[in-house]
Amino acid sequence: MAISLSFLSTYLLLLVASFGVLAKGLLDPHFYDKVCPQALPVIKSIVEDAIKQEGRMGASLLRLHFHDCFVNGCDGSVLLDDTDTFIGEKNAAPNVNSLRGFEVIDRIKSALYYVCRGNIVSCADIVAVAARDSVVALGGPSYKVELGRRDARTASQAAANNSIPAPTLDFSGLVSNFASHGLTIQDLVLLSGAHTLGFARCTTFRARLYNETWSLDGSLASSLKYICPSESGDGDDNLAQLDSTPVKFDTVYYDWLMQRKGLLHSDQQLYKGDGSGSDGLVKFYSQNSKAFWEDFGVAMLRMGALSPLTGTDGEIRMDCRKVN
């Protein structure tokens, strides 16, 4: 499917307009300007320090935002620990032994309590800003994060199991999943572009590696077999990079899809090479990094505006891991 620049420009304007309707009166990029002007610089500093210590952390913090927003909205529910009387989302199938970065969020929360002289900044907002700052720290675009979310008092492991798109989904399943969150095919391609960062566990791509040889580059498959043995349980947590530049925000992910190097089944579903589905969008962003940067920020804002708690809904948690 050929995608013209004029079409994409028009579509982008429609996305911006629809986002404005969604978020108007709810969220504001200047929410903390007066009540705690140092909030965003503090988050940025701690995120940059965490990434300097471990480059992979940037991808982990970005992923944390996805897994928060896709489960009943961007409300910080993913941060809640299980207790004797409460089951959270951390042990849901998409998250257990996989989701990371909680300690960084804890450090940010503690620093903000001191700098803001009180419990001012929500955990949900911290996650959203940390995701943006991770993208920037790894060479990607900046965008203004809409702020003013409040934190959920509840979480849902069942919703996490059902709402977060699985790496085994086919194209139609991915489209349906994103549509259920009010997101488009273009959002799907753009937000999947976050896989230009980070790594995936063997257990998430083993089936593709051994059962989809027709759609996986042979040389990549050969190298992956050293990392990911065929037997389940053997090397499940071994990591493989999602593209050749896992700590650099670029368009190599899309290049890899066009070379049959998508690590996850769901990744390669975005490009089949026959002009169907989202082939045209993948090709366009592969060849137009500036457009990817601009449109990625818009897609992140759309996702970040999913069902926020505002006003008197929810709370501002003292500790991001538990309700007040």
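The name recorded for the protein chain in an unreviewed UniProt entry is Peroxidase, from Rhynchospora pubera. Regarding the protein chain, the UniProt comment filed under Subcellular location (unreviewed entry) reads as follows: "Secreted". Of the comments in the UniProt record for the protein chain, the one headed Catalytic activity (unreviewed entry) reads "2 a phenolic donor + H2O2 = 2 a phenolic radical donor + 2 H2O".

Take helix α14 (residues 289-304) next. Between the first and last C-alpha of α14 there are 22 Å, a value that for 16 residues agrees with the 22 Å anticipated at 1.5 Å per step. With 12 of its 16 residues buried, α14 lies for the most part within the structure. A291, F292, D295, F296, G297, V298, A299, M300, L301, R302, M303 and G304 are the residues of α14 that are buried.

Here we take up the side chain of D243. You can see D243 is positioned in the loop between β2 (239-241) and α11 (252-258). Here D243 sits buried without a salt bridge, and the closest side chain of opposite charge, K248, lies 9.9 Å off (N-O distance). Side-chain polar atoms of D243 contact the backbone nitrogen of Y253, separated by 3.1 Å. Dropping the residues within four chain positions of it, D243 is found in contact with H195, T196, D250, V252, Y253 and W256.

Moving on, we come to the nonpolar core. Formed by 74 residues in total, the largest nonpolar core has its most connected members in L79, I105, I108, L112, Y285 and M300. Top element by residues in this core is helix α5 (residues 123-137). It accounts for eight residues. In terms of nonpolar packing, the next biggest core, distinct from the first, is built from 15 residues, L220, A221, L224 and C228 among them.

To continue, consider the pattern of salt bridges. Using the criterion set out here, one finds 12 salt bridges in the structure. Residue R153 pairs with E315 through a salt bridge whose shortest N-O separation is 3.2 Å. Remark: E315 occurs in the segment after α14 and R153 occurs in the loop between α5 and α6 (157-163); sequence separation between them is 162 residues. Looking at E315, the relative accessible area reads 7%, which means it is buried. Linking R302 and D187 is a salt bridge whose minimum nitrogen-to-oxygen distance equals 3.0 Å.

Quick look at empty space enclosed by the protein now. Applying the stated rule across the entire model yields one cavity of 30 Å³ or more. Quantified by volume, the largest cavity comes out at close to 60 Å³. If you go around the largest cavity, the residues you meet are H65, A128, Y143, V145, E146, R149, M300, L301, G304 and A305. When its residues are assigned to classes, the lining of the largest cavity shows six nonpolar, two polar and two charged.

So, how was this worked out
- Per-chain numbering applies: the sequence of each chain, read as written, is numbered from 1 onward.
- A pLDDT threshold of at least 70 governs which residues receive local features in this predicted model, and a stricter bar of 80 or more applies before side-chain atom pairs are shown or counted, although totals over entire chains, interfaces and linings include all residues.
- Only hydrogens and water are set aside; all other atoms, that is, all heavy atoms of the structure, feed into the side-chain values.
- UniProt positions are given in the numbering used here, feature names are shortened, and annotations may be inferred rather than shown by experiment.
- Secondary structure follows DSSP: runs of H or I at least 4 residues long count as helices, runs of E at least 2 residues long count as strands, and numbering of each begins at the N terminus.
- An expected span of 1.5 Å times one less than the residue number is assigned to each helix.
- Partly exposed describes any residue whose relative accessible area lies between the buried limit of under 20% and the exposed limit of over 50%, with all areas from a 1.4 Å probe on protein chains only and scaled to the type maximum.
- The convention is simple: Lys and Arg are positive, Asp and Glu are negative, and His and the chain ends are not counted.
- Here, a salt bridge means any Lys or Arg side-chain nitrogen found within 4 Å of an Asp or Glu carboxyl oxygen.
- We call two N or O atoms a polar contact when they sit within 3.5 Å, provided that within protein one can donate a hydrogen and the other can accept it, with sequence-adjacent residues counted only if both atoms are side-chain atoms.
- Throughout, a residue-residue contact means that at least one pair of heavy atoms, one from each residue, lies within 4.5 Å.
- We call a set of buried Ala, Val, Leu, Ile, Met, Phe, Trp, Tyr and Cys residues a nonpolar core when their side-chain atoms join them within 4.5 Å.
- Only protein atoms enter the 1 Å grid, on which a cavity is a set of points fitting a 1.4 Å probe that cannot get out and a pocket is an open set with protein on both sides within 12 Å along at least 5 of 7 lines, lining residues being those with an atom within 4 Å of a point.
- Grid points are joined across faces, edges and corners, and a volume is the space filled by probe spheres set on the points.
- Charged residues are taken to be Asp, Glu, Lys and Arg, nonpolar residues to be Ala, Val, Leu, Ile, Met, Phe, Trp, Tyr, Cys and Pro, and polar residues to be all remaining types, Gly included.

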